[in-house]
Every structure is written in structure tokens, then in C-alpha cells.
Amino acid sequence: MNEPNRDDFASLQSEVEKNPTSEAPRGRLLEALSADPERFDDPRRFELIEWFLEHNPRHALCTTPFMRVNAQTAPEAYGKLKARWLALVTDAPADPQLVRGAATFIAAESLDEGTRLLRAALAQRPDDAKLWLDLGRMSQDPRERLAAFERARDAGEMLPNLLVWIATASFKAGDYAKAERAAAELIQLVDDARARFGDKLDWPERGAEFWKRAREACANDADASELTDAIAQHAYRKHWANTVLGLLACRNEDLDRAVSYLRASADVRPEYRLSSYGPSLDLLREVCAGGRWEDGLEYLRTWEVAWDDPRLGQWIAAVKECRLPEADGTA
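Residues numbered from 1 in each chain as written. Predicted model: local features only at pLDDT ≥ 70, side-chain atom pairs only at ≥ 80, totals over all residues. Heavy atoms only, no water.

Caption draft 1: Focus on the nonpolar core. Ranked by size, the top nonpolar core spans 92 residues in total, and within it Met 67, Val 69, Trp 85, Leu 283, Leu 300 and Trp 303 carry the most contacts. Among the elements that line this core, the one with the most residues is helix H12 (residues 221–251), at ten residues. Setting aside chain neighbours within four positions, we find Trp 303 in contact with His 239, Ser 265, Ala 266, Val 268, Leu 274, Pro 279 and Leu 312. Grouped together as the second largest cluster of nonpolar side chains are eleven residues, Leu 201, Trp 203, Ala 214 and Ala 230 included. (Core = buried A, V, L, I, M, F, W, Y, C linked by side-chain atoms within 4.5 Å. Buried < 20%, exposed > 50% of the residue type's maximum accessible area, 1.4 Å probe, protein only. Helix = DSSP H or I, 4+ residues; strand = E, 2+ residues; numbered from the N terminus. Contact = heavy atoms within 4.5 Å.)

Okay, structure coming up:
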């Protein structure tokens, strides 16, 4: 959503006051307050979070970052809401939606405590795909992450990101055969999309112009939505499949092939996840460590169109000076 202004907040607050028992206006106000860094510690946010915990702690919002509270900047509010979450889980320790909400809230302060909640729930509900998915996302142990993601997939989880997470977790866990299989599966999906949608996958438009072009090319909104999703998934899968294949090439000391995969990983149109979080640094660092600094610089230059983030300029400066960049922008 666009960053709300003062009038937007006043309008959203008015909606809540007119509909004091309705979830929808409270959810919209919570999202707006959460999107503004200056209002993240606004007492109104905490009141809204507490309201959802009191009236509907299984609401979809309750497992999202909109419900998070910074334990360092708002310790009193955090402690009060954490106690409320833990009380809910104590009363229903195997309720997956409550456990997921509590773990997501607490993980912002302690990943270990969040994962403990998930593991305890999984001991009672071992076939719950969402619990496995959250454990995979939260765990810091590469082997546990991989096992959790695989269990989530086996249990029927269909999240588009999941196969990418399996590929990257496999590599980090040292299971290179699984990493190669997952990357090959991603490449097959990339090729299938290319066969179906052709050069539509390369449309450069973004935002409203992107939707307008898709809608003009399709018979209805449903088909246009399918097309825009396919374009996004194609870019995301292509970037990460080639990144993992490049890392495997580096491991096999085939630097030329790794550089080829690095270039292919950047040959994608802007996509919401890559535009938000940026490209992977893992393969770039390996290629640069092998002495291919110019290839690394070319890769970063490619992202200047797709990713507007100050870290990119810092990474470019580091690579120009033959220093390996770090994810936080340092070198």
C-alpha cells in the first residue's frame, strides 16, 4: 500500500469509531500504522493488536508482521501482548493458528522461543503444513529448515516460494544433490512458463501500467491476474534457480559456468519480492572471491533498474574496490 498521510489516518480512525465492533476497519488502520515507521510504536497500534487478541486471535492478520511490537522500543507493550499470546497458547497448545500467531510475535524478539512453540505444537499436530512452513522460515539450523520445508511440501503446502526455499536450504545444509534437483525443478517451471506465455514474461512495465497491459491482453480480470502472477513467479524462480546452480558450479570450481549462471539470474524483469528484498549476494560473493570482480560489478549494475535501495550503491562501491559486500551494505 502507498504510505498513508495525515488525512488517511483520520479517515481510517473515523471508520473504526463508526464501526467499533467491525474487524475490517481496524485491520486497515493497523496496516496503515504499521506501514509508517514513525507510527510503529503508536499506542493506537498496540490497542488494535490487543483488540484482535481479545476478539479474534485466529484472524489472518495475527500471523503477519502487522502484529509485531518492538521489544526494545516498546518493552511495556511488548511484555503485555506477549503474556496475552502465551496465555492463549497455554489454553490451546495444539491450535495451529494461535501457535503460529504467538510464534510470529515472539520471534521478533527471540527466534529460539518462537521455534520452541512451533516444535511443541508439531509434536501434537505432525501433519500441519503451515506449522512446518513457519518452523522452516524461523529456524536458524539449515538442516532443520530443509527438513521442515520438505515436511510442509509433503503435507500439501503450495506456497510459490517454497521450492526456492527448499533449493537454498538444501545448499546451505550441504545436501547438494537435493539442491540440484530443486533447482532443476525450478528451471523446468521457468521453461514451462516460457512455453506458455512467451515474451509476455519480459514485459518491463510496473504498477498500474503493468496491470493495464495485462488486462488489455486478457479476456477478463481472472486471466489477467493469472498472467501477472505467472510473470512474477517466472522472474523469482529464474533468479533463484540460477543462483543455486551457480553456487553448485562454484563448489565444483567451474567459475566460468558460475558467472554464466550469475548473469542468467539477473536476466529477469522487476518482480515484487526481488524489488523488495533485492537480489541474492551469495553467488556474487563467490564469483568475486574467485577474482571475477568485473563480472560481479556487471551483475550489480543490472539491478539498478529493478531495485531502488541504498545498499545497492554500497555494494557497487565495495565491488569496485575489490571488497566483498555484505547484506547490510557493509564490506
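Caption draft 2: Spatial organisation of the environment of Glu 271. Within the fold, Glu 271 resides in the loop between helix H13 (255–266) and helix H14 (272–277). Assessed through its relative accessible area of 3%, Glu 271 is described here as buried. Once you skip the residues sitting within four places of it in the chain, Glu 271 turns out to touch Ala 232, Ala 235 and Tyr 236. There is a polar contact of 2.8 Å between the side chain of Glu 271 and the backbone nitrogen of Leu 274. (Polar contact = N/O pair within 3.5 Å; in protein donor to acceptor, adjacent residues only side chain to side chain.)

Caption draft 3: Structural context of the environment of Leu 163. Position of Leu 163 relative to the elements: it lies in helix H9 (residues 162–172). Residues Leu 163 and Arg 237 lie 74 residues apart in sequence; the distance between their C-alpha atoms is 8.6 Å. Apart from residues lying up to four places away in sequence, Leu 163 is in contact with Arg 153, Ala 182, Glu 185, Leu 186 and Leu 189.

Caption draft 4: Broad picture of the side chain of Thr 168. Counting through the fold element by element, Thr 168 comes out in helix H9. Overall, the relative accessible area of 18% leaves Thr 168 in the buried class. In contact with Thr 168, other than residues within four places in its own chain, are Trp 240 and Val 244.

Caption draft 5: Unusual backbone geometry, seen in detail. The phi dihedral of Glu 253 falls on the positive side, at around 60 degrees, and the residue is not glycine. Look at Glu 253 and you get exposed, because its relative accessible area is 75%. Its identity as a non-glycine residue notwithstanding, Cys 322 has a phi of 60 degrees, on the positive side. In this structure, Cys 322 sits in the segment after helix H17 (310–320). Exposure remark for Cys 322: the relative accessible area of 43% places this residue in the partly exposed category.

Caption draft 6: Region of interest: helix H10 (residues 176–197). For H10, spanning 22 residues, the distance from its first C-alpha to its last is 31 Å, which sits close to the expected 32 Å at 1.5 Å a residue. Inspection of H10 places Ala 179, Ala 182, Ala 183, Leu 186, Val 190, Ala 193 and Phe 197 among the buried residues, and these make up the whole buried set. For H10, the buried positions fall inside an angular range of 100 degrees around the axis, keeping them on one side. Relative to its buried face, H10 has exposed residues pointing more than 90 degrees away, namely Arg 181, Ala 195 and Arg 196. Tucked into the core, H10 has its buried residues touching H9 and H12. (Expected span 1.5 Å × (residues − 1). Arc of directions from axis to C-beta.)

Caption draft 7: Highlighting the packing of helix H3 (residues 43–55) against helix H4 (residues 75–91). Remark: H3 packs on H4, axes separated minimally by 11 Å, with the N-to-C direction vectors making an angle of 10 degrees. On the basis of the axis angle, H3 is roughly parallel to H4. In this structure, H3 contributes Phe 46, Ile 49, Glu 50, Leu 53 and Glu 54 to the contact, and H4 contributes Ala 77, Lys 80, Leu 81, Arg 84, Trp 85 and Leu 88. Among the residues forming the contact of H3 with H4, the class breakdown is seven nonpolar, no polar and four charged. (Axes fitted to C-alpha atoms, helices over the stretch in contact; angles between N-to-C directions. Parallel < 35°, antiparallel > 145°, perpendicular 65-115°, else oblique. Nonpolar A, V, L, I, M, F, W, Y, C, P; charged D, E, K, R; others polar.)

Caption draft 8: Just the side chain of Asp 128, in detail. For Asp 128, the location among the structural elements is in the loop between helix H6 (111–124) and helix H7 (129–138). Contact partners of Asp 128, with chain neighbours within four places excluded, come to Pro 96 and Leu 122.

Caption draft 9: Representation of the pattern of salt bridges in the model. Counted by the stated rule, this structure contains 29 salt bridges. In this structure, the salt-bridge partner of Arg 213 is Glu 205, at a minimum N-O distance of 3.0 Å. Using a relative accessible area of 23% as the deciding quantity, one classes Glu 205 as partly exposed. Each of the salt bridges in this network shares a partner with another, and the network as a whole consists of Asp 256, Arg 263, Arg 292, Asp 295 and Glu 298. (Salt bridge = Lys/Arg side-chain N within 4 Å of Asp/Glu carboxyl O.)

Caption draft 10: Structural context of the packing of H4 against helix H5 (residues 96–107). In contact at an axis separation of 9 Å, H4 and H5 are set at 155 degrees when each is read in the N-to-C sense. The angle between H4 and H5 places the two elements in the roughly antiparallel class. The handedness of the crossing between H4 and H5 comes out as left-handed. Every residue of H5 that contacts H4 at Tyr 78, Leu 81, Lys 82, Trp 85, Leu 86, Leu 88 and Val 89 is listed here: Leu 98, Val 99, Gly 101, Ala 102, Phe 105 and Ile 106. Among the residues forming the contact of H4 with H5, the class breakdown is eleven nonpolar, one polar and one charged. (Left-handed = near helix turned anticlockwise from the far one by under 90°.)

Caption draft 11: Summary view of the packing of aromatic side chains. Throughout the structure, instances matching the rule amount to six aromatic pairs. Ring centres of Tyr 78 and Phe 105 lie 5.1 Å apart, and the angle between their planes is 10 degrees; this geometry places the pair in the stacked category. Separated by 27 residues along the polypeptide, Tyr 78 in helix H4 and Phe 105 in helix H5 bring together distant segments of the chain. We classify Tyr 78 as buried; its relative accessible area is 4%. On the accessibility criterion, Phe 105 (2% relative accessible area) is buried. For the ring pair Phe 171 and Tyr 176, a centre distance of 5.3 Å and an interplane angle of 65 degrees mean the geometry is edge-to-face. Classification of Tyr 176 by relative accessible area gives partly exposed; the value is 27%. (Phe/Tyr/Trp six-rings, centres within 6.5 Å; stacked < 30°, edge-to-face > 60°.)

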